[in-house]
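Single-letter residue listing:
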Amino acid sequence: MQFSYSNPTNIYFGQSQIAAIAQAIPIDSKVLVIYGGGSIKKNGVYDQVASALSGHQWQEFSGVEPNPSVETLDKAVDIVKKNKVDYLLAVGGGSVIDGSKYIAAASHYEGDGWDILIGKHQVTSAVPLGAVLTLPATGSESNKAAVVTKKSTQDKLSFLSSYVQPKFAVLDPDAMKTLPQRQLVNGLIDAWIHVCEQYLTKPTNAMVQDGFAEALLKNLKTLGNDFDHHDSDTWRANLMWNANQALNGLIGVGVAQDWATHMIGHELTALYGVDHAHSLAIIQPSLLRNQIECKRAKLEQMGKNVFGLQQSADLAEQTINYIEDFYHSLNMPTQLTEYGDNKAVAIDTILHQLKSHNMLTLGENQSITLIEVEHILQQALA
Ligand code: NZQ
Ligand code: ZN
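Residues numbered from 1 in each chain as written. Chains lettered and ligands numbered in written order. Predicted model: local features only at pLDDT ≥ 70, side-chain atom pairs only at ≥ 80, totals over all residues. Heavy atoms only, no water.

With that settled, the discussion passes to the site of ligand 1. The environment of ligand 1 is formed by 32 residues, the closest being G37, S39, G94, S95 and K156. Here G94 contributes a backbone N or O atom positioned 2.7 Å from an oxygen atom of ligand 1. With respect to ligand 1, the side chain of H266 contributes an N or O atom lying 3.2 Å from an oxygen atom. For ligand 1, whose accessible area on its own is 950 Å², the fraction buried by protein is 89%. At the level of secondary structure, the elements contributing two or more residues to the shell around ligand 1 comprise α4 (94-106), β6 (145-150), α6 (181-199) and α9 (260-272). Looking at the shell around ligand 1 residue by residue, the class counts come to ten nonpolar, 19 polar and three charged. Split by domain, the shell around ligand 1 shows at least three residues from each of two domains, domain 1 (10-175) and domain 2 (180-380). (Near = heavy atom within 4 Å. Polar contact = N/O pair within 3.5 Å; in protein donor to acceptor, adjacent residues only side chain to side chain. Areas by Shrake-Rupley, 256 points an atom, 1.4 Å probe, with all protein chains shown as cover. Helix = DSSP H or I, 4+ residues; strand = E, 2+ residues; numbered from the N terminus. Nonpolar A, V, L, I, M, F, W, Y, C, P; charged D, E, K, R; others polar. Domains from an automatic or database assignment.)

In this section: the domain arrangement of the chain. Interfaces are frequently sized by the accessible area removed from exposure as the parts join. Its domain assignment divides the chain into domain 1 (10-175) and domain 2 (180-380). The distance between the C-alpha centroids of domain 1 and domain 2 comes to 26 Å. Each partner contributes residues to the interface: domain 1 has 23 residues there, and domain 2 has 22 residues. For the domain 1 face of the interface with domain 2, the top three residues by lost area are P136, Q154 and K156, together amounting to 29%. Our count for the domain 1 to domain 2 interface comes out at zero salt bridges. Inspection of the region where domain 1 meets domain 2 yields five residue pairs in polar contact (both at pLDDT 80 or more). At the level of secondary structure, the elements contributing two or more residues to the side of domain 1 that touches domain 2 comprise β1 (10-13) and β7 (155-160). Sorting elements by how many residues they give to the side of domain 1 that touches domain 2 places β7 first, with three residues. (Contact = heavy atoms within 4.5 Å. Buried area = accessible area lost by both parts, 1.4 Å probe. Salt bridge = Lys/Arg side-chain N within 4 Å of Asp/Glu carboxyl O.)

Inspection of the entire model under this criterion finds one cavity of 30 Å³ or more. Its volume calculated, the largest cavity comes out at about 60 Å³. In this structure, the largest cavity is lined by I193, C196, E197, L200, D258, T261, Q284, L287, L288 and K295. Residue classes in the lining of the largest cavity are distributed as five nonpolar, two polar and three charged. (1 Å grid on protein atoms, 1.4 Å probe; cavity = no way out; pocket = protein on both sides within 12 Å on 5 of 7 lines; lining within 4 Å. Points joined across faces, edges and corners; volume = space filled by probe spheres on them.)

Another point: the coordination of the zinc ion (ligand 2). Taken together, D190 (OD), H194 (NE2), H262 (NE2) and H276 (NE2) make up the protein donors of the zinc ion (ligand 2), found 2.0 to 2.1 Å from the metal. In primary sequence terms, the donor set of the zinc ion (ligand 2) follows D-x3-H-x67-H-x13-H. Separated by 14 residues along the polypeptide, H262 in helix α9 and H276 in helix α10 (residues 276-290) bring together distant segments of the chain. A residue is classified by how much of its surface remains accessible, and H262, at 4% relative accessible area, is buried. (Donors = N, O, S within 2.8 Å, 3.2 Å for Na, K, Ca; no water. Buried < 20%, exposed > 50% of the residue type's maximum accessible area, 1.4 Å probe, protein only.)

This chain's UniProt record puts "domain: Alcohol dehydrogenase iron-type/glycerol dehydrogenase GldA" (unreviewed entry) on residues 8-173. End-to-end, the C-alpha atoms of residues 8-173 are 21 Å apart, and along that stretch the chain is 26% helix and 25% strand. (UniProt positions renumbered as here; feature names shortened; annotations may be inferred.)

Bringing the environment of Q291 into the picture now. Within the fold, Q291 resides in the loop between α10 and α11 (292-305). Taking C-alpha positions, Q291 is 26 Å from N248, a pair spaced 43 residues apart along the chain. Those residues in contact with Q291, other than ones at most four positions away along the chain, are S367, I368 and E372. At 2.8 Å, the side chain of Q291 and the side chain of S367 are in polar contact.

The next thing to look at is the nonpolar core. One finds L88, Y102, W192 and M302 to be the most contacted residues of the largest nonpolar core, which totals 80 residues. The greatest single-element share of this core, amounting to ten residues, is contributed by α6. In this view, W192 contacts L217, L220, K221, M302, V306, F307, I323, F326 and Y327; residues no more than four positions away in its chain are not counted. Within the second largest apolar cluster, 25 residues are counted, among which are I264, L271, Y339 and L362. (Core = buried A, V, L, I, M, F, W, Y, C linked by side-chain atoms within 4.5 Å.)

Right under this line is the structure:
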């Protein structure tokens with residue numbers, strides 16, 4: 001184990017915490033409040049933000065779409081540059097927060113902001129950013145990552161930079177009350193797969209990372225099994241905190257990480273508009289079956305410690321079946337059906353996009369080549 005770790009995001013967790021942004025953002029800042037399609041106007045979050053910012057100078061930018069597009073975000077970059085905005089407040093789910101991270105970095109760059117996504121520009125500074133989370137799923141509120149789409153070319157790419165990690169994040173579970181069930185399930189499964197990406201690799205004997213990952217998986221399983229009671233303060237608070245902890249960097253320190261499910265999943269979203277969590281549930285079971293020999297020991301550990309299964313020759317296979325059954329119990333499909341009418345063409349298109357994004361060898365062992373991806377897609381597409 002060897003790592004350096006810090007998570008500098010100040011978390012304000014709990015009901016009524018939106019008021020804390022009044023102190024969290026320096027009073028002399030020129031603030032741009034960034035949000036999505038308007039859900040925050042229906043649940044009181046917008047009003048609470050406006051009231052907390054009553055002593056600040058602020059303006060707003062709305063219309064950041066799910067899977068935020070650079071085409072939309074660049075309009076906000078123009079506003080930031082023109083009006084000398086010096087603090088961003090993202091109010092929404094992962095898309096709004098990721099989009100705001102892009103705006104933060106692109107506003108401090110003179111070239112085309114997309115250069116950040118293709119690795120042509122390394123971020124060296126950004127407008128400071130805070131977040132008010134309304135959808136627990138991605139962990140974006142206290143991590144360094146952002147995923148942005150270029151609609152015109154159907155490219156969905158990510159970048160990592162500590163400069164765009166939010167200075168603070170408000171996690172008020174009451175903001176989740178208006179979430180449709182589909183988004184709640186999406187959040188739960190996304191968080192679950194974030195843990196898997198950092199845990200279902202090879203044995204590391206990292207007791208803290210493994211133990212915490214297993215605790216998160218057991219909690220998410222409990223919340224999924226108890227989905228009928230999702231309309232409760234306790235259920236909401238637990239999902240919000242579990243999803244945050246699943247991808248705030250802690251369980252991934254000093255251990256192997258996979259992320260192949262995410263990389264392939266991003267292509268499905270960019271090409272076919274599949275929800276992020278759906279794309280993961282579609283790819284992951286097939287990917288685990290394809291990579292079962294490298295992952296056997298960890299799958300067995302998960303089978304015992306998360307699902308309470310007994311040691312047996314086919315324990316790893318059983319664990320994958322349990323994972324898949326868990327998704328089905330939440331009505332989450334594990335095969336892609338919306339890809340047009342020609343499976344071979346769809347697979348070729350996905351492989352072509354992965355190749356153009358230089359995703360030639362994926363996974364903790366770099367053992368998922370395009371040939372393996374093709375095998376995975378044969379199973380994952382109906
Ligand atoms: O736009 P509004 O009107 O706010 O509606 C949103 C959107 O339509 C709605 N919503 C959010 N909060 C709500 C609400 N509706 C009612 N009540 C509320 N309280 O939910 C819809 C989906 O929102 P979105 O932000 O797209 O969802 P999510 O948080 O799942 O974010 C997905 C994006 O995050 C990226 C994904 O690729 C995808 O682009 N990811 C980011 C990661 C990161 N930064 O670390 C990691 C993840 O693996 C993921 O890749
Ligand atoms: Zn994810």
